[in-house]
Amino acid sequence: MAIMITDECINCGACEPECPNTAIYEGGVEWTWGGGTNLKEVTLEDGTVVSATEKQAPVSDEFYYIVTAKCTECNGFH
Ligand code: SF4
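Rules used in this analysis
Residues numbered from 1 in each chain as written. Predicted model: local features only at pLDDT ≥ 70, side-chain atom pairs only at ≥ 80, totals over all residues. Heavy atoms only, no water. Helix = DSSP H or I, 4+ residues; strand = E, 2+ residues; numbered from the N terminus. Contact = heavy atoms within 4.5 Å. Polar contact = N/O pair within 3.5 Å; in protein donor to acceptor, adjacent residues only side chain to side chain. Core = buried A, V, L, I, M, F, W, Y, C linked by side-chain atoms within 4.5 Å. Buried < 20%, exposed > 50% of the residue type's maximum accessible area, 1.4 Å probe, protein only.

Student: When you look at the environment of Lys70 in this model, what are you seeing that I'm missing?
Tutor: Along the chain, the position of Lys70 falls in the segment after strand 4 (65-66). Separated by 66 residues in sequence, Lys70 and Met4 place their C-alpha atoms 12 Å apart. In this view, Lys70 contacts Asn21, Thr22, Ala23, Tyr25, Trp31, Thr32, Trp33, Gly34 and Gly35; residues no more than four positions away in its chain are not counted. A polar contact of 2.8 Å, which involves the side chain of Lys70, links it to the side chain of Tyr25.

Student: Looking at this structure, I do not really get the nonpolar core. What am I missing?
Tutor: Core analysis: the biggest nonpolar cluster contains eight residues, these being Tyr25, Trp31, Trp33, Val42, Val50, Ala52, Tyr65 and Val67. Those residues in contact with Tyr25 that lie beyond four places of it in its chain are Glu16, Glu30, Trp31, Thr32, Gly35, Tyr64, Tyr65, Val67 and Lys70. Counting residues in hydrophobic clusters, the runner-up holds six residues, among them Ala23, Tyr64, Ile66 and Cys71.

Geometric values such as these leave the question of function open.
Given below as structure tokens:
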């Protein structure tokens, strides 16, 4: 997915709780595949299996960011 938060972001945080895939994180916050769900592990496209609770490096230290690999463009939620 090619989703990104634009330069117009004012860091208000209103988008974060709206994402059904927990793909949006505050700048500087580590992300996880599970994002607070009961998901235990994830199989990546290359076949690698990773823990869903393992913390990943923030995509941005400054602004809210989207983990594009978790974004489905809300497909199936609306
Ligand atoms: S478009 Fe993607 S990042 Fe935005 S709310 Fe939907 S799933 Fe989450």
